[in-house]
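Take a look at the letters that make up each chain.
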Amino acid sequence: AQSVTQLGSHVSVSEGALVLLRCNYSSSVPPYLFWYVQYPNQGLQLLLKYTTGATLVKGINGFEAEFKKSETSFHLTKPSAHMSDAAEYFCAVTINTGTASKLTFGTGTRLQVTL
Amino acid sequence: DAGITQSPRHKVTETGTPVTLRCHQTENHRYMYWYRQDPGHGLRLIHYSYGVKDTDKGEVSDGYSVSRSKTEDFLLTLESATSSQTSVYFCAISGGQLSGNTIYFGEGSWLTVV
């Protein structure tokens, strides 16, 4: 079975500062990894994903994440935070079974951006 | 946005009453899912479907049933609602490997059981 741990349920950064949201996963087989963002009272929007190939993945809104197998990590970063980045972020993992991909989610990290 | 419509978007119901949530997709994706979101738990899979009339349980399936009679519709039923089922319910769809195993989410249905 797969699992995800997101370190820090709340992260606060100043506008313009680096954003770093941490995600560690557990999987016995090569994982597929995802980051989703959720704005208040909305659904989840895909930010980026890693399946195979290049380990540095770029997503929407200037976010990127790096798959590090040796550290079982998939941390999300953005060089310069913007007020509009305030939201909840979820890391998720699945594996390729050839059938339905069932995502396992972390508990989420709420990002606050201050002036 | 992926073509996913959830209804109703908000509902208040009484304990013991049946409730059905509907998910409708226009993407012709094979796989459909129901998740619930609760504070401190992230999203947890209730049931999923891998084709018409083909469904299976997720990690929190007790008290829920599902049906899929058409590719585009996936229904979630709470046979007798309890207060512990107060939650936000998200439908999701995926084309499997055809869509890079990406799962797309609907806008959510807020259910309150009083």
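What counts as what
One numbering rule holds for all chains: residues counted from 1, following each sequence as written. Lettering for chains starts from A, numbering for ligands starts from 1, and both go in the order in which the items are written. Thresholds applied to this predicted model are a pLDDT of at least 70 for local features of residues and 80 or more for the giving and counting of side-chain atom pairs; totals over whole chains, interfaces and linings are not thresholded and use all residues. To get the side-chain values, all heavy atoms of the structure are used, and hydrogens and water are removed first. Helix and strand definitions follow DSSP, with helices as H or I runs of at least four residues and strands as E runs of at least two, each counted in order from the N terminus. Accessible area is worked out with a 1.4 Å probe on protein chains only. A residue is then buried under 20% of its type maximum, exposed over 50%, and partly exposed in between. Only heavy atoms enter the contact rule, under which two residues are in contact if any of them lie within 4.5 Å. For two strands to pair, DSSP has to find at least two bridges joining them. The convention used is that axes are lines fitted to C-alpha atoms, helices contributing only their stretch in contact, and that angles between N-to-C directions extend from 0 to 180 degrees. What we call a nonpolar core is a set of buried Ala, Val, Leu, Ile, Met, Phe, Trp, Tyr and Cys residues that are connected through their side-chain atoms within 4.5 Å.

1. Details of the side chain of Ser61 of chain B
All names here are of chain B.
Then, in step 1: With respect to the secondary-structure elements, Ser61 resides in the loop between strand E6 (54–57) and strand E7 (64–70).
Then, in step 2: Classification of Ser61 by relative accessible area gives buried; the value is 9%.
Then, in step 3: Residues within four places of Ser61 in sequence aside, it is in contact with Ile46 and His47.

2. Looking at the sheet that holds strand E7 (residues 64–68) of chain A
Residues and elements named next belong to chain A.
Then, in step 1: Taken in spatial order, the 5 strands of this open sheet run E1-E3-E8-E7-E6, and their pairing is antiparallel. With one partner strand each, in any of the chains shown, strand E1 (3–7) and strand E6 (56–58) form the two edges of the open sheet. In this sheet, neighbouring strand axes are inclined to one another by 20 degrees on average, regardless of whether the strands run parallel or antiparallel.
Then, in step 2: Bridging between E6 and E7 involves 3 bridges; their strand directions are antiparallel. Its bridge partner lying in E7, Val57 is registered against Ala65.

3. Structural notes on the pairing of strand E1 (residues 4–7) of chain B
Residue and element names in this part refer to chain B.
Then, in step 1: The two faces of E1 differ: Ile4 and Gln6 on one face are buried, but Thr5 and Ser7 on the other face are not.
Then, in step 2: Bridge count for E1 against strand E3 (residues 19–25) is 4 bridges, and the pairing is antiparallel. Within E3, the residue paired with Thr5 across the bridge is His24.

4. Overview of the side chain of His75 of chain A
Then, in step 1: Summarising the element assignment, His75 of chain A is placed in strand E8 (residues 73–78).
Then, in step 2: Judged by relative accessible area, which is 18%, His75 of chain A ranks as buried.

5. Thoughts on the nonpolar core
Then, in step 1: Trp35, Leu48, Leu76 and Tyr89 of chain A are the most contacted members of the largest nonpolar core, which totals 26 residues.
Then, in step 2: Only strand E2 (10–14), strand E3 (19–26), strand E4 (31–38), strand E5 (44–50), E7, E8, strand E9 (87–95) and strand E11 (109–114) of chain A provide two or more residues apiece to this core.
Then, in step 3: Listed in part, the 20 residues of the second largest apolar core include Ala100 and Leu103 of chain A together with Tyr35 and Leu43 of chain B.

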